[in-house]
Amino acid sequence: MIFVGTGGQGVLTVARLLSDAYMKLGYEVVSGQLHGMAQRGGSVQSSICVNAGACPVIAEGESNCLVGFEPIETARARSFLNSKSLVIMNTAKVNPFVLAQRHVQGSPESGRYPSVEGMMESLEEITPRVYALDGSKLAEENGTLKNLNMVMLGTLLGSSDFVKEMDQLWGVMSEAIPSRIRESSMRAFLLGVSSIQRLEKEKYL
Amino acid sequence: MHHDVTRDEPGTHVNLLGNLGIVRGALEAGVDFFSCYPGTPSSEIGDTFAMISKSQGIEFEYSVNEKIAVEIAFAASLTGARSMCSMKHLGLNYANDPVSTMPYVGVEGGMVIVSAGDPSAITSPNEQDQRHFSKMLFYPMFDPSSPEEARRMTRFAFELSEKSRLPVIMRPTTRVCHSSGAVTLGGRPSQKRKIHYEKNPERHVPIPANARRMRKELTERFRLAEALLEESEFFPQKGEGRFGIIASGIGYIYADAAIEKLGLRDQVVLQKIGAYPVPQKVLSRFLEQVEKVLVVEELTPFVEEEVMVCAFRDRRDVKVSGKKSGDLPYEYEYSPMIVEDAVRKWLDLPDREKRVVKPLELPPRPPVLCAGCPHRTSYYFAKKVFGKKTTYCNDIGCYTLGYGKPLDVCDVLLCMGSSISQASGIFRMTRERTVAFIGDSTFFHSGLPALANAVQAGDDITLVVLDNDVTAMTGFQPSISTVGKEHQKQFEGFSIENAARGLGVKEVFSVDPFDEEATLIAFKTAKKGKGVNVVVTHSPCVVHQAKVAPVREKKSYQVDEARCNQCSLCVRVLGCPAIWVEDGAYSIDQDLCDGCDLCARVCNRGAIHAVQREDGGRGDGEPKTNTNDICGNRRPRGPDRRAPSV
């Protein structure tokens, strides 16, 4: 599975928590991260491979799940997907700073944030299992945007792909979360869980 | 993660980053001393030692530069201590003077240098293959593929170093440094080593007469290292068959995955190369078994050439494929796809099924100076005074992001500390005042000699030292000018201004870049000055401040739509990531805005206003203790009061 987003969204933290949990439960797990200069607003990518050999880098078309914390970054990772992949995308935009520059130096058109619907369609051309939600709004309603990663984690583990593992994984992960933020993290996680379950129901009813 | 590194529970599996596998290996070997200069992708090694050194009884320092880190660690080894120092690939170049003679002298306690490589130059100005140092300077060198291997190799490296009396290099690459996986904890020594410096000038002083004797011994010691490597566990074989793949580093993992995926285990022998020099017997044994060979290694055809030489020496008619045959690229990082494609082609298998993903135009997300970054303010005012025609020489750090539009204050760049010497060179030929920008950490790393050189030559250059109190780019490590608690000691921090004066600079200005008037006066005076002058712009890194000293209440700025006439000036000159344009309307992202007020000053129409916020913006609301509890005790923003402004 692949987590993508921008610097500061908590992508690396959630991937580390999840891979630690898998390892504690006895799975064979390797993970990789790409974060050149993410602190300065760049793209961040983290991959987790469970019982899939020793290679921490996922090959094109071989990711089962993609959790995107930001629409452009989700679309950017679409080469990892295949026709069975699960995609969960946070629809809240984080504006790449180049767009404002393009807007004033090139044309207003070139400086426009790409259409989120268009990016969703491009993902749906590869896999029908694309779910979009405003995770940032859910996190903020739950108190702070810092909980976005817990919301997104909830959407992943709450999906039908993780029915068997969710309780066990979350049990181990929540122990690793500092006690002062455990309760709010739990609430954010459950918001994610209920959102994905509703979205899946809507899609298949 | 760092408490997993120190656990004394042999046999337990923990999830560790490759860099932490190295730390763990060093702890298992009983390392006594550690020094480093931070550099991606090696930084987590030093940052972890910073956190654990006190509790583990390890002498630790962030050194001023890599050369010093190596020299100190080497001298520590001469007292019988086991020592380690870490840096990125380029740091090894900087340290190459001591590095090149250390094998002659030889170590007493085991010594391991970590020099992390960066194929694809992800966070570096070049990609280079440090393995050539092994051959050139007689260094045993390890090339791990995984965190567990990094642990085992590091542990073994200390033994090898002591037995051969050679310092040893660990060379992980970005992909290994920043991947995590299961590490099986080994035991840790229960006793500390005896430390004692025993005088032995004949053994420790490489004057020519001694060096010539040492040279002879060096050949013997390097041979011994090769023999020890040959018996080590780092050259395993997997699978069987008449074809052979020989692979190193992360390339080994990709080759292994390709063999598994293509079902080639009974046709292809996979030979791992985990260390250098590659023992001749390992290659001879491998070439005996196979008809043709594919070499999978990143960067240069280092192993490939060794294989060719071995084939020639053993008179084996084996076809060797790799970079030289055009089967694999010379440049950049490899990927599972690149290696799988090469294996398919090499064995005449059908091409990988290429999936067609419709192209989609997506805007890139390159790194950018943060909203509120004081460097932007320094750049903006410097450029306002020195203009577009002046040549701007820049240096290595966050502030390199002044490259390109709209700030455009990076005309030349080379390496750590080069801004000052390059400004000298350009002035010497053009006779026009040239501007150099350098950060606080880089200034002390290698800027001082260049500044002395420029002063002596009387070059008309203005050096702007962008002082943000930390080595921000690599994770906010303290620099030597940092005020605060470092290594559990209260540290006053060196004054950049006094250092410049001490080197003979007559005109030294010290300003807060957010003090527009003072900053403009300093730059204007510097522009008219003669010879070298220095402007220190001091304001703490905003991201680091948000981590260590978050505020509950702070300002941020908003655009008054009624007043904004969409002139676009703020976007065109500042490049602040918080300013956003949508359908012609300008707005400021309240989550990103740090309240620095530069845009409000730039706006001609007075359309940008401050608003009070209570959530404390980017801060967490609760101070975090960073690596070493540094900078808890901060110098106030603004001119350095220990060095009054001229």
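**With respect to the overall build of chain A**
Here comes step 1: For chain A, the helix and strand inventory stands at eight helices and six strands.
Here comes step 2: Listed by position from the N terminus, the elements making up chain A come as β-α-β-β-β-α-β-α-α-β-α-α-α-α.
Here comes step 3: Taking 17 Å as the expected radius of gyration for a compact globule of 205 residues, we find that chain A reaches 17 Å, a close match to that expectation.
Here comes step 4: Considered along the principal axes of its C-alpha atoms, chain A spans approximately 55 × 40 × 35 Å.
Here comes step 5: For chain A, the exposed area adds up to about 8,400 Å²; of that, 52% sits on carbon and sulfur atoms.
Here comes step 6: Across chain A, the centroid of the 19 positively charged side chains sits 4 Å from that of the 21 negatively charged ones.

**Concerning the overall build of chain B**
Here comes step 1: In terms of regular secondary structure, chain B is built from 23 helices and 27 strands.
Here comes step 2: For 646 residues, the compact-globule estimate of 2.2 N^0.38 gives 26 Å, and the C-alpha radius of gyration of chain B, at 27 Å, lies within 12% of that figure.
Here comes step 3: Projected onto the principal axes, the alpha-carbon positions of chain B cover approximately 80 × 70 × 55 Å.
Here comes step 4: Burial statistics for chain B: of 646 residues in total, 60% are counted as buried.
Here comes step 5: Summing over all exposed atoms, chain B offers an accessible surface of approximately 25,900 Å²; the carbon and sulfur share of this is 52%.
Here comes step 6: Of the side chains in chain B, 81 bear a positive and 83 a negative charge, and the two mean positions are spaced by 3 Å.

**Points about the interface of chain B and chain A**
Put simply, an interface is often sized by how much accessible area is lost when its parts join up.
Here comes step 1: Tallying the contact residues gives 59 residues for chain B and 61 residues for chain A.
Here comes step 2: Taken as a group, Pro363, Arg365 and Trp580 of chain B account for 17% of the area that chain B buries against chain A, more than any other trio of residues on that side.
Here comes step 3: Linking chain B to chain A there are seven salt bridges.
Here comes step 4: The shortest N-O distance in the salt bridge between Glu582 of chain B and Lys93 of chain A comes to 3.7 Å.
Here comes step 5: The interface formed by chain B and chain A includes 13 residue pairs in polar contact (both at pLDDT 80 or more).
Here comes step 6: For the side of chain B that touches chain A, the secondary-structure elements that each account for two or more residues are strand E1 (13–17), strand E8 (179–184), helix H12 (249–261), helix H15 (336–346), helix H21 (542–548), helix H22 (569–574) and strand E25 (579–582) of chain B.
Here comes step 7: Counting residues per element, the side of chain B that touches chain A draws most heavily on H12 of chain B, which supplies five residues.
Here comes step 8: Along the lines of polarity and charge, the residues of the side of chain B that touches chain A split into 34 nonpolar, 10 polar and 15 charged.
Here comes step 9: Here strand E2 (residues 29–34) of chain A runs beside E8 of chain B; their pairing, made up of two bridges, is antiparallel. Its bridge partner being in E8 of chain B, Ser31 of chain A is matched across the sheet by Ser180 of chain B.

**Comments concerning the environment of Ile588 of chain B**
All names here are of chain B.
Here comes step 1: The topology assignment puts Ile588 in strand E26 (residues 585–588).
Here comes step 2: Along the primary structure Ile588 and Cys576 are separated by 12 residues, whereas in three dimensions their C-alpha atoms are 9.5 Å apart.
Here comes step 3: Leave out the neighbours within four places in its chain, and Ile588 touches Tyr557, Gln558, Val559, Ala578, Ile579, Cys593, Cys599 and Ile608.

**Looking at the packing of aromatic side chains**
Residue and element names in this part refer to chain B.
Here comes step 1: If you walk through the whole model with that rule in mind, you get 17 aromatic pairs over all chains.
Here comes step 2: Here Phe243 and Trp346 contribute two aromatic rings whose centre-to-centre distance is 6.1 Å and whose plane-to-plane angle is 70°, an arrangement assigned as edge-to-face. Of this pair, Phe243 sits in strand E10 (residues 243–248) while Trp346 sits in helix H15, and the two are 103 residues apart along the sequence. Just as Phe243 is buried, Trp346 falls in that class too.
Here comes step 3: A centroid spacing of 5.2 Å and a plane angle of 75° characterise the contact between Phe443 and Phe444, whose relative ring orientation is edge-to-face. There is no split in this pair, since Phe443 and Phe444 are both buried.
Here comes step 4: Every member of this aromatic cluster is reached through a ring pair, and the members are Phe34, Phe49, Phe60 and Tyr62.
Here comes step 5: The aromatic ring of Phe302 is capped on one face by Lys135, whose charged end is 5.1 Å from the ring centroid.

**Considerations on the packing of helix H17 (residues 418–430) of chain B against helix H18 (residues 440–457) of chain B**
Each pair of packed helices can be described by the angle between their axes along with the distance between the axes.
All names here are of chain B.
Here comes step 1: At a minimum axis separation of 8 Å, H17 and H18 run at an interaxial angle of 25°. Compared by their axis directions, H17 and H18 come out roughly parallel. Each of Ile420, Ser421, Ser424 and Arg428 in H17 lies in contact with H18, whose residues at this interface are Gly447, Ala450, Leu451, Asn453, Ala454 and Ala457.
Here comes step 2: Its residues placed into classes, the contact of H17 with H18 shows five nonpolar, four polar and one charged.

**Concerning the nonpolar core**
Residues and elements named next belong to chain B.
Here comes step 1: Counting residues in hydrophobic clusters, the biggest one holds 91 residues, and the most contacted among them are Phe437, Leu451, Leu463 and Ile588.
Here comes step 2: If one sorts the elements of this core by residue count, helix H16 (residues 374–386) sits on top with six residues.
Here comes step 3: Split by domain, this core shows at least three residues from each of two domains, domain 3 (374–547) and domain 4 (551–613).
Here comes step 4: Core analysis: the next-biggest nonpolar cluster, separate from the first, contains 85 residues, Ile22, Tyr139, Phe234 and Val318 among them.

**Here we look at the domain arrangement of chain B**
Here comes step 1: The domain boundaries assigned to chain B delineate domain 1 (2–230), domain 2 (237–346), domain 3 (374–547) and domain 4 (551–613).
Here comes step 2: The straight-line distance from the C-alpha centre of domain 2 of chain B to that of domain 3 of chain B is 48 Å.

**Let's talk about a negative patch on the surface**
Here comes step 1: A contiguous patch of negative charge on the surface is contributed by Asp134, Glu140 and Glu141 of chain A together with Asp591 of chain B.
Here comes step 2: The exposure class of Asp591 of chain B is partly exposed, given its relative accessible area of 43%.

**Side note on the sheet that holds strand E17 (residues 461–467) of chain B**
Residue and element names in this part refer to chain B.
Here comes step 1: Pairing in this open sheet of five strands is parallel, and the strands run E15-E16-E17-E23-E22 from one edge to the other. Both outer strands of the open sheet, strand E15 (392–393) and strand E22 (507–511), are each paired with one neighbouring strand and no more.
Here comes step 2: In this structure, strand E16 (residues 434–439) lies alongside E17, joined through six bridges in parallel fashion. Of the residues in E17, the one forming a bridge with Thr434 is Ile461.
Here comes step 3: Helix-sheet contacts for H16 involve E15, E16, E17 and strand E23 (533–538), and the interaxial angle to E17 is about 160°.
Here comes step 4: The sheet contacts of helix H20 (residues 516–528) involve E17, E22 and E23, and relative to E22 the element is tilted by about 165°.

**Some remarks on the side chain of Gln33 of chain A**
Here comes step 1: Tracing the backbone through its elements, the reader meets Gln33 of chain A in strand E2.
Here comes step 2: Discounting residues that sit within four places of it in the chain, Gln33 of chain A has contacts with Leu12, Gln45 and Ser46 of chain A together with Leu17, Arg175 and His178 of chain B.

**Some thoughts on the sheet that holds strand E11 (residues 268–273) of chain B**
All names here are of chain B.
Here comes step 1: Pairing in this open sheet of five strands is mixed, and the strands run E9-E11-E10-E13-E14 from one edge to the other. Bordering the open sheet on either side are strand E9 (237–238) and strand E14 (319–321), each of which pairs with just one other strand.
Here comes step 2: Judged from the six bridges that link them, E10 and E11 form a sheet pairing that is parallel. When the sheet's bridge partners are listed, Ala247 is paired in E11 with Lys272.

**Some words on unusual backbone geometry**
All names here are of chain B.
Here comes step 1: Omega for the bond connecting Tyr276 with Pro277 falls within 30 degrees of zero, at 0°, which places this linkage in the cis form.
Here comes step 2: Relative to the elements of secondary structure, Pro277 occurs in the loop between strand E12 (275–276) and helix H13 (280–289).
Here comes step 3: The omega torsion across Lys405 and Pro406 is 0°, close enough to zero to call that bond cis.
Here comes step 4: Positionally, Pro406 belongs in the loop between E15 and H17.
Here comes step 5: The phi angle at Leu299 is positive, at roughly 75°, despite the residue not being glycine.

What counts and how
- Residues numbered from 1 in each chain as written.
- Chains lettered and ligands numbered in written order.
- Predicted model: local features only at pLDDT ≥ 70, side-chain atom pairs only at ≥ 80, totals over all residues.
- Heavy atoms only, no water.
- Helix = DSSP H or I, 4+ residues; strand = E, 2+ residues; numbered from the N terminus.
- Rg over C-alpha atoms; globule rule 2.2 N^0.38 Å.
- Areas by Shrake-Rupley, 256 points an atom, 1.4 Å probe, with all protein chains shown as cover.
- Lys, Arg positive; Asp, Glu negative; His and termini not counted.
- Charge placed at Lys NZ, Arg CZ, Asp CG, Glu CD.
- Buried < 20%, exposed > 50% of the residue type's maximum accessible area, 1.4 Å probe, protein only.
- Contact = heavy atoms within 4.5 Å.
- Buried area = accessible area lost by both parts, 1.4 Å probe.
- Salt bridge = Lys/Arg side-chain N within 4 Å of Asp/Glu carboxyl O.
- Polar contact = N/O pair within 3.5 Å; in protein donor to acceptor, adjacent residues only side chain to side chain.
- Nonpolar A, V, L, I, M, F, W, Y, C, P; charged D, E, K, R; others polar.
- Pairing = 2+ DSSP bridges.
- Phe/Tyr/Trp six-rings, centres within 6.5 Å; stacked < 30°, edge-to-face > 60°.
- Lys NZ or Arg CZ within 6 Å of the ring centre and 35° of its normal.
- Axes fitted to C-alpha atoms, helices over the stretch in contact; angles between N-to-C directions.
- Parallel < 35°, antiparallel > 145°, perpendicular 65-115°, else oblique.
- Core = buried A, V, L, I, M, F, W, Y, C linked by side-chain atoms within 4.5 Å.
- Domains from an automatic or database assignment.
- Patch = residues over 30% accessible without salt bridge, like charges linked within 9 Å, V, L, I, M, F, W, Y side chains within 5 Å.

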